[in-house]
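Listed below, chain by chain, are the residues.
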Amino acid sequence: MPSVREQILAALLARLETVPGATVKRETPLPETVPSGGLIILRDGDPGDPEVVLSPVTYLWEHQTEIEVILQRGQDDDSAALDTLLMAVGQALAADRSLGGLAEGLDWGAPKTSGLAIDGAAALRGATVPITIHYGSSDPLG
């Protein structure tokens, strides 16, 4: 059986896969080209150091992850297209903040936007969104 951490990351990936038209991947390198509906990449991030509660032993995590939302440049209004995709991501996350009961909750921050340049590839427009997942486990590896 997968760890609680892995179950939560898989559930988060499934949530992101509900964004209409976007291609969603996990821990993949930046591509040279992006599908027309945009690309969302989930980065596993860092679970950090947990708080420990005794009797029974429970590890309380504030796992910091990140998603990258990427569009191919060249659309008429890159900023508006990126904003639309980011809003769809926000709606997908808000639809189930507990990830099916696996997590206590999700929090996310404002996107940090940037242009991305990859040697030999067309320019990309993207944003990173920090996500904090609050959950507990009975094992530090779990």
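These numbers come from a predicted model, not from an experiment. In every chain, residue numbers begin from 1 and rise along the written sequence. Restriction of local features to residues with pLDDT of at least 70 applies here, the model being predicted, together with a cutoff of 80 or more for giving and counting side-chain atom pairs; totals for whole chains, interfaces and linings are based on all residues. Values shown for side chains rest on all heavy atoms present in the structure; no hydrogens or waters enter the calculation.

**Student:** Which parts of the structure should I look at to understand the overall build of the chain?
**Tutor:** From N to C terminus, the chain includes 2 helices and 7 strands. Strands here are runs of E lasting at least two residues and helices are runs of H or I lasting at least four, both read from the DSSP assignment and numbered beginning at the N terminus. Secondary structure elements of the chain, listed N to C terminal, follow the sequence α-β-β-β-β-α-β-β-β. Expressed along its principal axes, the backbone C-alpha trace of the chain runs to roughly 60 × 30 × 25 Å. Relative to its 142 residues, the chain shows a buried fraction of 37%. A sequence separation of at least 24 residues applies to 59% of the contacts in the chain between residues at least 6 apart. Computed with a 1.4 Å probe, the accessible areas rest on the Shrake-Rupley method; for each residue, only the protein chains presented here act as cover. If you sum the accessible surface of the chain, you get close to 7600 Å²; carbon and sulfur atoms cover 51% of it. Positive charges come from Lys and Arg alone, negative charges from Asp and Glu alone, with His and the N- and C-terminal ends not counted. Throughout, a charge is located at the NZ atom of Lys, the CZ atom of Arg, the CG atom of Asp or the CD atom of Glu. When the 9 basic and 20 acidic side-chain charges of the chain are each reduced to a single mean position, those positions are 4 Å apart. Think of it in three bands: residues with accessible area under 20% of the maximum for their type are buried, residues over 50% are exposed, and the middle band is partly exposed, with areas taken using a 1.4 Å probe on protein chains only. In this analysis, two residues are considered to be in contact whenever any of their non-hydrogen atoms come within 4.5 Å of each other.

**Student:** Explanation requested: unusual backbone geometry in the structure shown.
**Tutor:** Excluding glycine, most residues fall at negative phi; most peptide bonds, likewise, are trans. With an omega dihedral of -10°, the bond running from serine 55 to proline 56 counts as a cis peptide bond. In this structure, proline 56 sits in the loop between β3 (51–53) and β4 (58–72). The phi dihedral of glutamate 27 is positive, around 50°, even though this residue is not glycine. With respect to the helices and strands, the residue glutamate 27 is situated in the loop between β1 (23–26) and β2 (39–46).

**Student:** It is not clear to me how the pattern of salt bridges should be interpreted in this structure. Could you clarify?
**Tutor:** Pairs can form between side chains of opposite charge whenever their charged atoms are close. The term salt bridge refers to a pairing of a side-chain nitrogen on Lys or Arg with a carboxyl oxygen on Asp or Glu at a separation within 4 Å. With the rule as written, the count across this model stands at 3 salt bridges. We note a salt bridge from arginine 26 to aspartate 44, for which the minimum N-O separation is 2.7 Å. Here aspartate 44 lies in strand β2 and arginine 26 lies in strand β1, a separation of 18 residues in the sequence. Residue class for arginine 26 comes out partly exposed when judged on its relative accessible area of 24%. Overlapping salt bridges, with partners in common, bring together Glu6, Arg26 and Asp44 in one network.

Keep in mind these numbers describe shape, not what the thing actually does.
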